[in-house]
Amino acid sequence: MDLDRRSVHRGGLRWFTRLPKPFRRVLVRVIKPCYTVSAMVVIRREDGHVLRVRHSYNVGAGLPGGLVDRREPIEDAAHREVREEVGIGVDLTGPPMAMVDPLEQIVRVVFAAKPADGDDGASAHPVSAEIAAVSWAAASDRAGLTPEANAALDLVTGVPGR
């Protein structure tokens, strides 16, 4: 019985490899679950405070970020989302880190950042209709954060908040 399964599996793989590459991609996307990719940015000032945003469509405080456009480099998406949401430039300060949520089928790529050179972040303000308010808070102050924002801060700071 196990031998029959292996034979069928091998036969299926041989058939699959004969398909043109574009058809293989389509087939994989149909069979496998699709995930959405977003960039999330933890922006810390020199005093250690983190920029929080209150999204108009969500309860609780979150972090700047959003969906990555098709074929957009993830770092570019992080810069774009911060500029679109809170109107400041940032310098990414560390490697990207990923949080995968299999229930929501989303991959959140988290970046540590600081306000761009020459900017203390004081000019951060809601630019997009998505953002109802912005504020700076100590990284250790986790009250009112969404679970996703809390998990992102855990990744960046290396210190669990809850």
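Note: the structure precedes this text.
These remarks concern the structure in this document.

About the cut-offs
Residues numbered from 1 in each chain as written. Predicted model: local features only at pLDDT ≥ 70, side-chain atom pairs only at ≥ 80, totals over all residues. Heavy atoms only, no water. Helix = DSSP H or I, 4+ residues; strand = E, 2+ residues; numbered from the N terminus. Rg over C-alpha atoms; globule rule 2.2 N^0.38 Å. Contact = heavy atoms within 4.5 Å. Areas by Shrake-Rupley, 256 points an atom, 1.4 Å probe, with all protein chains shown as cover. Lys, Arg positive; Asp, Glu negative; His and termini not counted. Charge placed at Lys NZ, Arg CZ, Asp CG, Glu CD. Salt bridge = Lys/Arg side-chain N within 4 Å of Asp/Glu carboxyl O. Buried < 20%, exposed > 50% of the residue type's maximum accessible area, 1.4 Å probe, protein only. Arc of directions from axis to C-beta. Patch = residues over 30% accessible without salt bridge, like charges linked within 9 Å, V, L, I, M, F, W, Y side chains within 5 Å. Core = buried A, V, L, I, M, F, W, Y, C linked by side-chain atoms within 4.5 Å. Pairing = 2+ DSSP bridges.

## Section: the overall build of the protein chain
Along the protein chain, the regular secondary structure elements total 4 helices and 7 strands. For the protein chain, the N- to C-terminal ordering of α and β elements is α-α-β-β-β-α-β-β-β-β-α. Taking 2.2 N^0.38 as the reference for a compact globule, 162 residues should give roughly 15 Å; the C-alpha atoms of the protein chain span a radius of gyration of 20 Å, well beyond that estimate. Principal-axis analysis of the C-alpha atoms gives the protein chain an extent of 65 × 30 × 30 Å. Partitioning the intrachain contacts of the protein chain with sequence separation of at least 6 by distance along the chain shows that 62% fall at a separation of at least 24. Of the roughly 10,000 Å² of accessible surface on the protein chain, 57% is carried by carbon and sulfur atoms. For the protein chain, the separation between the mean place of its 22 positive charges and that of its 21 negative charges on side chains is 13 Å.

## A look at the pattern of salt bridges
For the coordinates displayed, the defined rule picks out 9 salt bridges. The residue Asp 69 makes a salt bridge to Arg 80 at a minimum N-O spacing of 3.7 Å. Residue Asp 69 is located in the loop between strand 3 (65-67) and helix 3 (74-86), and its partner Arg 80 is located in helix 3; the two are separated by 11 residues in the primary sequence. When salt bridges with common partners are traced through the structure, they connect Asp 69, Glu 72, Arg 80, Glu 81 and Glu 84 into a single cluster.

## Details of helix 4 (residues 147-157)
Those residues of helix 4 not exposed but buried are Ala 149, Asn 150, Ala 152, Leu 153 and Val 156. End-on view of helix 4: buried residues confined to an arc of 160°, all on one side of the axis. On the buried face of helix 4, the contacting elements are strand 1 (36-43), strand 2 (49-55), strand 5 (97-101) and strand 6 (106-115).

## Let's talk about a nonpolar patch on the surface
Together, Val 26, Val 30 and Ile 31 make up an exposed nonpolar region whose accessible area comes to about 320 Å². Within the secondary structure, Val 26 sits in helix 2 (residues 21-31).

## A few points about the nonpolar core
Residues Val 41, Ile 43, Leu 51, Val 82, Val 86, Ile 88 and Val 90 are the most contacted members of the largest nonpolar core, which totals 18 residues. Elements represented by at least two residues in this core include exactly strand 1, strand 2, helix 3 and strand 6. With 5 residues, the single largest contributor to this core is helix 3. In this structure Ile 43 touches His 49, Val 50, Leu 51, Pro 64, Val 82, Ile 88, Val 90, Ala 113, Lys 114, Pro 115 and Trp 136, once residues within four positions along its chain are discounted. One finds Met 40, Val 42, Ala 152 and Val 156 within the second-largest nonpolar core, a separate group that totals 14 residues.

## What to know about unusual backbone geometry
The backbone phi angle of Arg 71 is positive, close to 65°, even though this residue is not glycine. Classification of Arg 71 by relative accessible area gives exposed; the value is 78%.

## Some details on the pairing of strand 2
Burial within strand 2 is extensive, with 5 of its 7 residues counted as buried. Here strand 2 pairs with strand 7 (residues 131-138) via 7 bridges, running antiparallel. Across the sheet, residue Arg 54 finds its bridge partner in strand 7, namely Ala 133.

No statement about biological role is implied by the geometric values presented.
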